[in-house]
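Overview (structure and organization)
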Protein chains: 2
Amino acid sequence: MPHKLDESLLISLPPFSKLERSQIREILDQSAARRYEADQSVFSEGDTADRFFMLLDGYIRVIRLTPEGEQVISLHIPSGQLFGIAKAIGRESYPATAMTAAESIVLSWPTRLWDDFLGKYDGFATETYKTVGARVGEMNNRIMEMATLHVEQRVANALLRLINQTGRKIDGGIEIDFPITRQNISEMTGTTLHTVSRLLSAWQKQGIVESQRKRIMVRDAHRLVELSQAGH
Amino acid sequence: MPHKLDESLLISLPPFSKLERSQIREILDQSAARRYEADQSVFSEGDTADRFFMLLDGYIRVIRLTPEGEQVISLHIPSGQLFGIAKAIGRESYPATAMTAAESIVLSWPTRLWDDFLGKYDGFATETYKTVGARVGEMNNRIMEMATLHVEQRVANALLRLINQTGRKIDGGIEIDFPITRQNISEMTGTTLHTVSRLLSAWQKQGIVESQRKRIMVRDAHRLVELSQAGH
DNA sequence: TTCGGAGTTTGCGGCTGCGCAAAGTCCGAG
DNA sequence: CTCGGACTTTGCGCAGCCGCAAACTCCGAA
């Protein structure tokens, strides 16, 4: 259900803080904001890349499906960031599916506006490509992790990444502030939900994490960092 | 040892075939071509990203080092392609090291020329970003592979990718046309050289591949495709 | 020709992490 | 309140793959 954008959402979005307010408004006049429930698809792998997206609130999971139907989670995107910018890097279709990981508000606009922006707002193109650069870096790290680290270290790393990017401080720890299952974590780390469950249980006994269903909080991030290191 | 570029090398490079000859020359006038032996570094991870590169002949391996000194091979780049274009996606330094995998000829030019090109030659920017798009796609596939496939399947996939991108037809098969060790393959697939050796030995007995030191040829690509699939 | 280093092969033992299975817990719908 | 589905936990056994180790082969340098 598309609705008019609450302008207050736009104040000081991290990557766009340097753009003049009026420039943002001009983009907005030609775009649409939409609210999504959790676990809904924003666009799907293979769809024609005809829009750009910006996440105003919530969280996005970028997922891919293997031929056998297994899910792999490529990336978590926190609010304030661009996504679905495949067209900017010469792709005709989206290479992955974007699902909401929580209730989210998404701004989107047709890619044909891209050309207009390019000329007018230098900062816009720059920020877009910086986003690409950051994602490429993340993917590179992911590959290195998967190639060299053991499951326990990968899961520890995944948790650390989650609390760094999307963590919310609570008393006595940091909590991942959207619903996340063991299954989800296994899809981020290339293991099984059983193994993740075993690890979390063990960590809970040691007081490193604490978790209920779909909620995880990290009590001792420092210990988790140690576990994430390749201490053989 | 920098030397003058042999112009004949530039005829119909795949990604640039649409650029006018004269435009290419204009770029070349401000750039340098250089010859590298095999296993030399073109730039290193962390270096300031102040040049763009194009591989005119040979092969480039993009590698990263873990804190423990283990190598991971991110990518193989065949001739005709751009690389080291970090600056185009907003990175200040190269996120990985580029090594030659064979004797190679590399053209490079300062990134400051980028801005000039942007305005003048639309095709240039487009091709650059398409390269980025293609690489992102490859990395994504890599992540999916590592997350879901077993070692045998990953090694099979790696070989298939190598013969697709850099294969040379010979009688009775396809050969990878640059020197590659078991160690190298293990660094591409996140396993050990021992396991790779065992797999290649087994495949050799079945007539699927044939290999000497630093040389691998695939006799039965079709069987290899079957092995690369998630059967089981 | 000899030597040494780099690359490869193979064996063996062990452990990590998966597959399978079953039971337990939470939570929302009716 | 009750039911059923989604999520989680835990046990057990196995095997894929690694670690370690030793021997072998190739090739270039002296």
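For the structure itself, consult the block above.
All of these numbers come straight from a predicted model, not from anything done at the bench.

Remarks on the relation of the copies chain B and chain A
With an axial shift of 0.0 Å and an RMSD of 0.0 Å, the rotation relating chain B to chain A amounts to 180°. With respect to symmetry, the two chain copies, as superposed, fit the operation of a two-fold axis. Among all residues of chain B, the minimum C-alpha distance to the rotation axis is found for I143 of chain B, at 3.0 Å. A shared interface surface links the copies, since 100% of the contact residues of chain B are contact residues in chain A too.

What to know about the pattern of salt bridges
Residue and element names in this part refer to chain A. With the rule as written, the count across this model stands at 18 salt bridges over all chains. The partner of D39 in a salt bridge is R61, and the shortest N-O contact between them spans 4.0 Å. Taken together, the positions of D39 in the loop between β2 (32-36) and β3 (41-43) and R61 in strand β5 (residues 59-65) put the pair 22 residues apart, joining distant regions of the chain. A residue is classified by how much of its surface remains accessible, and D39, at 48% relative accessible area, is partly exposed. Linked by salt bridges that have partners in common, R35, E37 and E103 make up one network.

Thoughts on the pairing of strand β6 (residues 71-78) of chain B
All names here are of chain B. A large share of β6 lies buried, amounting to seven of its eight residues. With seven bridges joining them, strand β5 (residues 59-65) and β6 adopt antiparallel strand pairing. Counted as the bridge partner of Y59 is P78 from β6. In this antiparallel pair of consecutive strands, β5 and β6, the connection spans five residues, and G69 shows a positive phi of 90°.

A short note on the interface of chain B and chain A
In this complex, chain B contributes 29 residues to the contact, which on the side of chain A involves 29 residues. The largest share of the area that chain B buries against chain A comes from M139, I143 and M144 of chain B, three residues that together contribute 21% of it. At the boundary of chain B with chain A, the tally comes to zero salt bridges. For the interface between chain B and chain A, the tally reads six residue pairs in polar contact (both at pLDDT 80 or more).

Description of the sheet that holds strand β12 (residues 209-212) of chain A
All names here are of chain A. Taking strand neighbours across the sheet as the criterion, the four strands line up as β10-β11-β13-β12 in an open arrangement whose pairing is antiparallel. Each edge of the open sheet is held by one strand with a lone partner, namely β10 (167-170) and β12. Geometrically, the sheet is characterised by an average inter-axis angle of 25° between neighbouring strands, direction not taken into account. Pairing analysis gives four bridges linking β10 to strand β11 (residues 173-176), with the strands arranged antiparallel. The residue bridging R168 from the neighbouring strand is E175, located in β11.

What counts and what doesn't
- Residues numbered from 1 in each chain as written.
- Chains lettered and ligands numbered in written order.
- Predicted model: local features only at pLDDT ≥ 70, side-chain atom pairs only at ≥ 80, totals over all residues.
- Heavy atoms only, no water.
- Least-squares fit on C-alpha atoms with pLDDT ≥ 70 in both.
- Contact = heavy atoms within 4.5 Å.
- Salt bridge = Lys/Arg side-chain N within 4 Å of Asp/Glu carboxyl O.
- Helix = DSSP H or I, 4+ residues; strand = E, 2+ residues; numbered from the N terminus.
- Buried < 20%, exposed > 50% of the residue type's maximum accessible area, 1.4 Å probe, protein only.
- Pairing = 2+ DSSP bridges.
- Buried area = accessible area lost by both parts, 1.4 Å probe.
- Polar contact = N/O pair within 3.5 Å; in protein donor to acceptor, adjacent residues only side chain to side chain.
- Axes fitted to C-alpha atoms, helices over the stretch in contact; angles between N-to-C directions.

Purely spatial values, then, with no claim about function.
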